[in-house]
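So the chains spell out like this:
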Amino acid sequence: MYHSKITGIGHYVPENVITNADLEKLMDTSDAWITERTGIKERRFFNPDKDTVASMSAHASRMAIERAGLEVKDIEFIVLATITPDYFFPGSGVLLQRELGLEGIGALDLRNACSGFIYGLSVADQFIKTGMYKNVLVVGAEIQSSLMEMNNRGRNVSVIFGDGAGAAVLQASNDKGKGILSTHLHADGRFAEELYVKDPGSSRHPEERVSPQLMESPSIRAHMNGNMVFKHAVVRFQEVIQEALDANGFQKQDIDLLVPHQANLRISNYLQEQLGLADQKVYNNIMRYGNTTAASIPIALSEAWAEGLLKEDQLICLAAFGSGFTWASALIRF
Ligand code: UT7
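Now for a description of the structure that goes with this document. (Residues numbered from 1 in each chain as written. Predicted model: local features only at pLDDT ≥ 70, side-chain atom pairs only at ≥ 80, totals over all residues. Heavy atoms only, no water.)

### Some points on the nonpolar core
Ranked by size, the top nonpolar core spans 41 residues in total, and within it M224, F237, I241, L258, I267, F321 and L331 carry the most contacts. Of all the elements in the fold, those that place two or more residues in this core are α9 (226-248), α10 (265-275), β12 (315-322) and β13 (326-333). Of all the elements, α9 adds the most residues to this core, at eight residues. Looking at which domains feed residues into this core, each of domain 1 (3-177) and domain 2 (180-283 + 292-333) supplies at least three. Counting 34 residues, the second-largest nonpolar core is a separate cluster that includes L110, F117, A328 and I332. (Core = buried A, V, L, I, M, F, W, Y, C linked by side-chain atoms within 4.5 Å. Buried < 20%, exposed > 50% of the residue type's maximum accessible area, 1.4 Å probe, protein only. Helix = DSSP H or I, 4+ residues; strand = E, 2+ residues; numbered from the N terminus. Domains from an automatic or database assignment.)

This is the structure:
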């Protein structure tokens, strides 16, 4: 049976840097509050004249493919995770496929929010293990700034989220004990409305689905019960990391680098403390990009790659929690 190895990782973030001071001009917030509660100093917002989920994904993908030493034409299948697709339908997977000039290959869209990239890795891993594909592109990309309410009512959500894209190339390998060792996927739909954008949904009556009233309603913006999400996140993150370690017979101390979904620096710091990991064993870049949902793990991995932190034989743990609720982990031997 084949194993899946991550052979290249890339990312793209829009040029437009939004600092906490910029947000202070739009709503009643402060750099001190945002820094203390989330660790975020700045994030990127897309340029509507230039950036789409598909175009950002294509930039990240090209970097990942180049770092893998492959050519774009070598990619056989695309998995794109996003909760902010360019169109209501079709999904942005086909748009990314078009941007890359890969007409004909399959393109799968995932909507598992912050866990989307790990869900994508898991799907790609299964395809590779069964021998169906040898080179799969897994992408997480989001444009969330256009969903935010940039005012006092939306401030508990809008200061957190940012835009960006990250991509990984998974390749089939015969190297035993290397690559993706296991993935663990979970969901609990009872909490779907604790972090969601309600409208425009398909289950509304046609006449009110995109009415003028709806355009003024907060229901078309992101809503989050921050306290509840936080409380579930810290529990589920720990559980799913432990599940990955147990499945492979490892201990917490065996982790060389934990790359958690960048939800909130307080969550990462709490996990680090619970796991007893040294500072250099937990990767954080939320300070610079905010929470980029499905893009956060691949952006972090891409930066860790560039910094030389993903070395041969290292044990890397990925973990995520978010809307759905969904949560997931992956253990990877590089
Ligand atoms: O990626 C998916 C998963 N997402 C997460 O894991 C996010 C989880 N949640 C969080 O990170 C935190 O709940 C937040 C950062 C969103 C909020 O932090 P918090 O410590 O839970 O704050 P809070 O919602 O309990 O609000 C505390 C106070 C409130 O004022 P009062 O009622 O104490 O007077 C809020 O109105 O802070 C106020 N507040 C703000 N103040 C300044 C809420 N948002 C802001 C803001 N600036 N942006």
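### Observations regarding the pairing of strand β11 (residues 257-260)
Side chains L257 and V259 of β11 all project onto a buried face; the interleaved residues L258 and P260 project onto the opposite face, where all are buried too. Summarising the sheet, β11 and β12 pair through four bridges and their orientation is parallel. Bridge pairing in β12 links V259 to L318. (Pairing = 2+ DSSP bridges.)

### Quick word on helix α3 (residues 53-67)
For α3, with 15 residues, the first-to-last C-alpha span of 21 Å sits near the 21 Å given by 1.5 Å per residue. Within α3, the full set of buried residues consists of V53, A54, S55, M56, S57, A58, A60, S61, A64 and I65. Along its buried surface, α3 packs onto β1 (3-12), β4 (77-81), α4 (92-99), β6 (135-142) and β7 (164-173). (Expected span 1.5 Å × (residues − 1). Contact = heavy atoms within 4.5 Å.)

### Examining the sheet that holds β12
Taken in spatial order, the four strands line up as β8-β13-β12-β11 in an open sheet, and their pairing is mixed. Every other strand in the sheet has two partners, leaving β8 (179-187) and β11 as the edge strands with one partner each. Direction aside, neighbouring strands of the sheet carry axes that sit 10° apart on average. (Axes fitted to C-alpha atoms, helices over the stretch in contact; angles between N-to-C directions.)

### Quick notes on the pairing of β6
Taken across its eight residues, β6 has eight buried, putting it largely inside the fold. On β6, burial covers both faces: N135, L137, V139 and A141 on one face and V136, V138, G140 and E142 on the other are all buried. As paired elements, β4 and β6 share five bridges and run parallel to each other. Residue pairing for β6: V79 is matched across the bridge by V138. Where β6 and β7 come together, eight bridges link them in antiparallel fashion. When the bridges of β7 are listed, N135 appears paired with Q171.

Remember, this is a structural readout, not a statement about activity or role.
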